Amino acid sequence: MSLSDISPENPETGCRTSRREMIGAMAALAAAPALGLAAEPAMAAAASPEMLTPDQALKEIMDGNARFVAGAPTAHTKDLAIIKARAAEGQWPIVGVLSCADSRVPVEMVFDEPIGRLFVTRVAGNITTPEIIASLEYGIAVLGIKAVVVMGHSNCGAVKAAIENPEVPGQISALFPAILPAVYMSSSSDPMVVTRQNAVIQAATLINSSPVVEGKVRAGELKVVPAVYDVATGKVEMLPIPPAMRVGK
Ligand SMILES: [Zn+2]
C-alpha cells in the first residue's frame, strides 16, 4: 500500500466526504450563522490546502500570530462551528508544525488557527525523530499540507539541558543527542542562540531525511521553515534558511 492509498477520511465512520462537500458545508455555515457563532466567509474560502501556495499558507498563520500578539484572536469563535460542520469526517490542514512539548507553546493559539487548520507534531526539543518524520510525511503526502514550520522557543528546558548535560532521571537524556549538533555548531552556549540553530538543523534534517519532503520542496509544492517562538511576547519569528539547506525553487 502506498501513502496515496491512505484516505484522510475518518476510518471509524467510513465517511467519504469529499473536499468539495466539506468546502460546501463550510460555505453553508458561513452563509447562515449558527447558534450566534460568527462564521466568516473567509473560513469557507480558505478551507482547502490545494487552494493555497506554500507562501499563502505561511502568510495565513503569520497573520494569525499577529492577531494573537495583538490580543485579538478569532479562531476560538470558529471551533464549535467547524465541529458542527462535520469536522470529524475528514481533515484538510494547510500547515504542519513541529514544536516543543512545552506547555507555554499552544500552537493553534499562537497562530490563531481553528480546529483542522494545523497538523501539529510535538516532542521536547522539537527534534526530528523517525516518528515525527513519519507523521509529517502523512501530513504532506496524504493531507496535502503546503508548509512545515519547525518551531523552537525561548526558555526551552530541553535545549538548556542538552547544553548543560546534567544528571537526569529516566529516559530524558534520550533527547540530548538530537540537540547536541546545535550545541556544537552554535557560536555561543547562549540557550537562545542554540535554540535558533536547533530549529534550523531540525528543519534541514526533516528535508534531508525524507524523499517525500525533499521531493515536494524541490517541486516548489512545500516549504519547510525554521522558526522561534518567544514565550514572553507570543511572537513567532521565521528564520532565514541557510544556503546549505535550500533545495528546489
Ligand atoms: Zn522546549
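Residues numbered from 1 in each chain as written. Predicted model: local features only at pLDDT ≥ 70, side-chain atom pairs only at ≥ 80, totals over all residues.

S.K.: Could you clarify how one ought to interpret the overall build of the chain in this entry?
M.R.: Along the backbone of the chain there are 10 helices and 5 strands. Looking at the chain as a whole, 41% of its 249 residues qualify as buried. Look at the contacts in the chain between residues 6 or more apart in sequence, and 73% of them connect residues 24 or more apart. (Helix = DSSP H or I, 4+ residues; strand = E, 2+ residues; numbered from the N terminus. Buried ≥ 20, exposed ≤ 12 C-beta atoms within 10 Å, placed from the backbone. Contact = placed C-beta atoms within 7 Å.)

S.K.: Sorry if this is basic, but what is going on with the nonpolar core here?
M.R.: Nonpolar side chains in soluble globular proteins tend to be buried together. In terms of nonpolar packing, the biggest core is built from 50 residues, with Val95, Val148, Val150, Met151 and Val224 touching the most fellow members. Broken down by element, this core gets its largest block of residues, 8 residues, from helix H9 (residues 191-209). Not counting residues within four places of it along the chain, the set of residues in contact with Val224 comprises Val148, Val150, Ala203, Leu206, Ile207, Val213 and Val217. (Core = buried A, V, L, I, M, F, W, Y, C linked by C-beta atoms within 7 Å.)

S.K.: How should the sheet that holds strand E5 (residues 236-238) be read in this particular structure?
M.R.: Sheet strands pair by backbone hydrogen bonding; their relative direction is either parallel or antiparallel. On the basis of which strands lie adjacent, the open sheet formed by 5 strands has the order E2-E1-E3-E4-E5 and mixed pairing. Of all the strands in the sheet, the pair left with one neighbour each is strand E2 (118-122) and E5. Across the sheet, the axes of successive neighbouring strands diverge by a mean angle of 25 degrees, strand direction being ignored. With 7 bridges joining them, strand E3 (residues 147-153) and strand E4 (residues 223-229) adopt parallel strand pairing. Paired with Val150 across the strands is Pro226, a residue of E4. Sheet strands in contact with helix H6 (residues 130-141) are strand E1 (95-99), E2 and E3, and its direction is about 165 degrees off that of E1. (Pairing = 2+ DSSP bridges. Axes fitted to C-alpha atoms, helices over the stretch in contact; angles between N-to-C directions.)

S.K.: I tried to follow the pairing of E3 on my own but got confused; where do I start?
M.R.: A regular strand carries its side chains on alternate faces of the sheet. Burial within E3 is extensive, with 7 of its 7 residues counted as buried. Side chains Ala147, Val149, Met151 and His153 project from E3 onto one buried face, and the interleaved Val148, Val150 and Gly152 project onto a second face that is buried too.

S.K.: For this particular structure, what's the right way to read helix H7 (residues 157-164)?
M.R.: Owing to its 3.6 residues per turn, the α-helix brings residues three or four apart onto one side. Within H7, burial applies to Ala158, Val159, Ala162 and Ile163. Buried residues of H7 fall within an arc of 140 degrees about the axis and therefore sit on the same side. Of the residues trailing H7, Asn165 is marked for its positive phi of about 50 degrees. (Arc of directions from axis to C-beta.)

S.K.: Explain the environment of Ala66 to me, please; I cannot follow it from the model alone.
M.R.: Within the element layout of this structure, Ala66 appears in helix H3 (residues 54-69). The sequence separation of Ala66 and Asp112 amounts to 46 residues, and the corresponding C-alpha distance is 8.6 Å.

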